[in-house]
Amino acid sequence: MDELQHECGVAAVYHLNSGVISPLIPRLRAKDRTLVDPATEDPLVVRNRASRLVPGMLLDMQNRGQLAAGITSYNPQRLQLIQTHKDVGGVAEVFRMNHEDRYKQLMAEHAGQAAIGHVRYATCGKDDPSYAQPFERQHIARSKWFSFAFNGQLANYLELREEILQTTDFHLTRETDTEVLHHLISHELSENATISPVELLRTLSKKLDGSWNIVFLNARGQMFVSRDPLGMRPLCYAREGSLFAAASESVALTHLGFADENVHNVPPGHVVIVDGENVTVEKYAESPKQAHCFFEWIYFANAGSSFDHAGVYLSRKRLGEELAKRETLTIDEDVIVVPVPDTAKAAADSMAFQLKVPSLEGLIRNRYIGRTFIEGNNRADKVRMKYTPLPEIMEGKRVLLVDDSIVRATTLRELLALLKSRGRAKEIHVRIACPPIIAPCFYGIDMSTVSELFAPGFMEGSVITEEEQAAMARAIGADSLRYLPVEAVSACVGLPASTLCQACVNGIYPTAAGTEMYQRALEQNQKFQQRSCGGPVKSSNVEGGRIYG
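Residues numbered from 1 in each chain as written. Predicted model: local features only at pLDDT ≥ 70, side-chain atom pairs only at ≥ 80, totals over all residues. Heavy atoms only, no water.

A. Looking closely at the nonpolar core. Grouped together as the largest cluster of nonpolar side chains are 117 residues, with contacts concentrated most on F95, F295, L401 and V430. Every residue in contact with L401, bar those within four places of it in the chain, is listed here: V338, V340, L412, L416, L419, I428, H429, V430 and R431. Core analysis: the next-biggest nonpolar cluster, separate from the first, contains 28 residues, L184, V198, L200 and F216 among them. (Core = buried A, V, L, I, M, F, W, Y, C linked by side-chain atoms within 4.5 Å. Buried < 20%, exposed > 50% of the residue type's maximum accessible area, 1.4 Å probe, protein only. Contact = heavy atoms within 4.5 Å.)

What follows is the structure, encoded as structure tokens:
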């Protein structure tokens, strides 16, 4: 509801030199619009169409970032051995996909047998083309000429940045952890141009704290895709015959045509290495514990994806079943379930099925607004632009409004007012398929300001009470409000709680830097409250400025 934003999504594709031409490579059309048989074409030309797969893969992951997109391709027959195209905007806009001739020209310019891609939403850094990824570093030595893209966030970014800047000859031009990672990779290559991916990542893993999946491609045609030792963000890969691909979402691989049984998770602390002839999976760091972000299943991931042996849609379905088990409202014929579009629909439908009441789309979202700038600062006007309530569905009804989470509650508050005034609902009972968010995220979700969180201002402890839920309901204008408890999350996702990162709902961070930043945030905001209120306040009711995350 609060339009949470994720850090990014990454993609990679490689048509190996060995083996026959993959049937998954896009086929061209002749002037008479018939498909050209790849067997009649130069095999080198066909292999170089592998890069055309990347825009489609990024479209499948557009949910992970709408700020910018980009691609780097490798073509040994091209003077520019690796070449990057990136810009701000959605995938279709960046790759000119709504203009056939311009798209074909762009794909011809960036044709290559290997490519990496990226979709971006920034939790830090500017809305500027120079912050778009992949980041390319040109060099006269092919082993040092590389491009990479990054999904995640470094919790110890500020410390790493300060360490780099203490060297008088070094300078950073952007305020983003991606540039810090760019520098660290460049430094290792300058020390040892022949360093293996395993050695490189082993060195990086000793310095980095946070979530950091990497896709990498250099001018020698060497590629690797790697997942951090905690496995915080998902990363999948597949190989069929001579075609290899990897992506942050499994759906991006199955849509290419890979069979489900050939799609695998990159194990935490492992790297998949592609050299043009072979694909190998190697371990670069131990993974004594795992911390998969539970929000991937609840909100961020494409509903069609499955990773770490847990399906996204089924997880959301179980969340709805759990909500139904805990429902206390008397169910009569005037009760309906309405999902907040779009990620809450699976949970809402499942809840309604269990309660034997209708699940109806009483709220329609304008899916074509995207990142369009809306004049004015009136949030109510923006909510009216995005959502249309249907009085023919809700008038006189007691509505169970199902949403995936509450972070700030600002949008939800305006939406509830809209549902009562224009939707003419008799009652609105908000049901959240997630526990209360009580702590910021420092690993790649855009909710790193303590003061923006809704729940801590009402909760005395980490477990919400009936009285606190009632106070929250009054604050947002609902007739009642109910969250799921923390212990329900792992059961619904289908993974042990010990393998999930649930820091934003239990305050327990899986890394040292995350723990330190949370304590720093609490201390800083406690001081802010004392200055604002003239005395001490409870530590959970924190306000204040942004802490980097």
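So that's the structure; there's more coming.
B. Expanded view of the pairing of strand β12 (residues 270-274). Burial within β12 is extensive, with five of its five residues counted as buried. A two-sided burial pattern is seen for β12, the buried positions comprising H270, V272 and V274 on one face and V271 and I273 on the other. Pairing geometry for strand β8 (residues 223-226) and β12, over four bridges, is antiparallel. Counted as the bridge partner of V225 is V272 from β12. Sheet analysis places β12 next to strand β13 (residues 279-283), joined by five bridges and oriented antiparallel. (Helix = DSSP H or I, 4+ residues; strand = E, 2+ residues; numbered from the N terminus. Pairing = 2+ DSSP bridges.)

C. Examining the pairing of strand β17 (residues 335-339) more closely. When you tally the buried positions in β17, you get five out of five residues, the bulk of the element. Taking every second residue as pointing to the same face, both faces of β17 are buried, with V335, V337 and P339 on one and I336 and V338 on the other. As judged from the five bridges shared by β17 and strand β20 (residues 398-403), these two strands associate in the parallel manner. Within β20, the position partnered with V337 by the bridge is L400.

D. The arrangement of the packing of helix α5 (residues 157-165) against helix α6 (residues 177-191) in detail. α6 packs onto α5 with a crossing angle of 50° between their chain directions and a minimal axis gap of 10 Å. On the basis of the axis angle, α5 is oblique to α6. When the axes of α5 and α6 are compared, the crossing they make is left-handed. Packed against α5, whose contacting residues are Y157, L160, R161 and I164, the element α6 presents D177, V180 and H183 at the interface. Considering only residue class, the contact of α5 with α6 consists of four nonpolar, one polar and two charged. (Axes fitted to C-alpha atoms, helices over the stretch in contact; angles between N-to-C directions. Parallel < 35°, antiparallel > 145°, perpendicular 65-115°, else oblique. Left-handed = near helix turned anticlockwise from the far one by under 90°. Nonpolar A, V, L, I, M, F, W, Y, C, P; charged D, E, K, R; others polar.)

E. Structural detail: helix α10 (residues 312-325). Here α10 is 14 residues long and its end C-alpha atoms lie 20 Å apart, about the 20 Å a rise of 1.5 Å per residue gives. Among the residues making up α10, those that are buried are V312, S315, R316, L319, G320, E321, E322, L323 and A324. (Expected span 1.5 Å × (residues − 1).)

F. Broad picture of the packing of helix α12 (residues 379-386) against helix α14 (residues 410-421). In contact at an axis separation of 9 Å, α12 and α14 are set at 70° when each is read in the N-to-C sense. Judged by the angle between their axes, α12 and α14 are roughly perpendicular. The interaxial crossing formed by α12 with α14 has right-handed handedness. For the pair formed by α12 and α14, the contact residues are R379, A380, V383 and R384 on the first element and T410, T411, E414, L415 and L418 on the second. The residue inventory of the contact of α12 with α14, partitioned by class, reads four nonpolar, two polar and three charged.

G. Representation of the side chain of Q83 in the model. Looking at where Q83 falls in the secondary structure, it is placed in strand β3 (residues 82-88). The residues contacting Q83, other than those within four sequence positions of it, are I71, T72, S73, R78, E109, H110 and E136.

H. Representation of the sheet that holds strand β4 (residues 114-120) within the structure. Pairing within the open sheet is antiparallel, and its seven strands lie in the order β3-β2-β4-β1-β10-β9-β11. Only two strands of the sheet have a single neighbouring strand rather than two, namely β3 and β11 (263-265). Ignoring strand direction, the axes of neighbouring strands in this sheet form an average angle of 15°. Running over the sheet, helix α2 (residues 53-60) touches β1 (8-15), β2 (68-74), β4 and β10 (243-247) and is turned about 30° from β4.

I. Local environment of the pattern of salt bridges. All chains considered together, the criterion is met by 23 salt bridges. With a closest N to O distance of 3.7 Å, R520 and E159 form a salt bridge. Taken together, the residues span a long stretch of sequence, with R520 in helix α18 (residues 512-533) and E159 in helix α5 at a distance of 361 residues. Linking D349 and K345 is a salt bridge whose minimum nitrogen-to-oxygen distance equals 3.0 Å. Of this pair, D349 and K345 are both found in helix α11 (residues 345-355), four residues apart, which corresponds to roughly one turn of the helix. Taken together, the shared-partner salt bridges in this structure form one network comprising R64, R233, E249 and E296. (Salt bridge = Lys/Arg side-chain N within 4 Å of Asp/Glu carboxyl O.)

J. Fine view of unusual backbone geometry. Put simply, Q133 and P134 share a cis peptide bond, and its omega is 10°. Along the polypeptide, P134 turns up in the loop between β4 and β5 (135-137). Here the amide bond leading from P341 into D342 is cis, since omega sits at 0°, within 30 degrees of zero. Residue placement: D342 occurs in the loop between β17 and α11. Its identity is not glycine, yet D308 carries a phi of approximately 50°, on the positive side. Following the sequence through the fold, D308 ends up in the loop between β15 (306-307) and β16 (310-311). Judged by relative accessible area, which is 8%, D308 ranks as buried. Within the chain, A409 stands out as a residue other than glycine whose phi angle is a positive 75°. On the secondary structure map, A409 appears in the loop between β20 and α14.

K. A look at the sheet that holds β20. The sheet built from four strands is open, its strands ordered β17-β20-β21-β22 with parallel pairing. Since the sheet does not close on itself, it has two edges, and those belong to β17 and β22 (480-483), each with one partner. Here the average twist between neighbouring strands, direction ignored, is 20°. Summarising the sheet, strand β21 (residues 427-432) and β22 pair through four bridges and their orientation is parallel. By the bridge assignment for β22, H429 is matched with S480.

L. Looking closely at the side chain of H15. Position of H15 relative to the elements: it lies in strand β1. According to the relative accessible area criterion, H15 is buried, its value standing at 0%. Polar contacts involving the side chain of H15 include one to the main-chain amide nitrogen of S22, which spans 3.0 Å. If we skip the residues at most four places from it in the chain, H15 touches V20, I21, S22, I25, R47, A50, Q113, S242 and L243. (Polar contact = N/O pair within 3.5 Å; in protein donor to acceptor, adjacent residues only side chain to side chain.)

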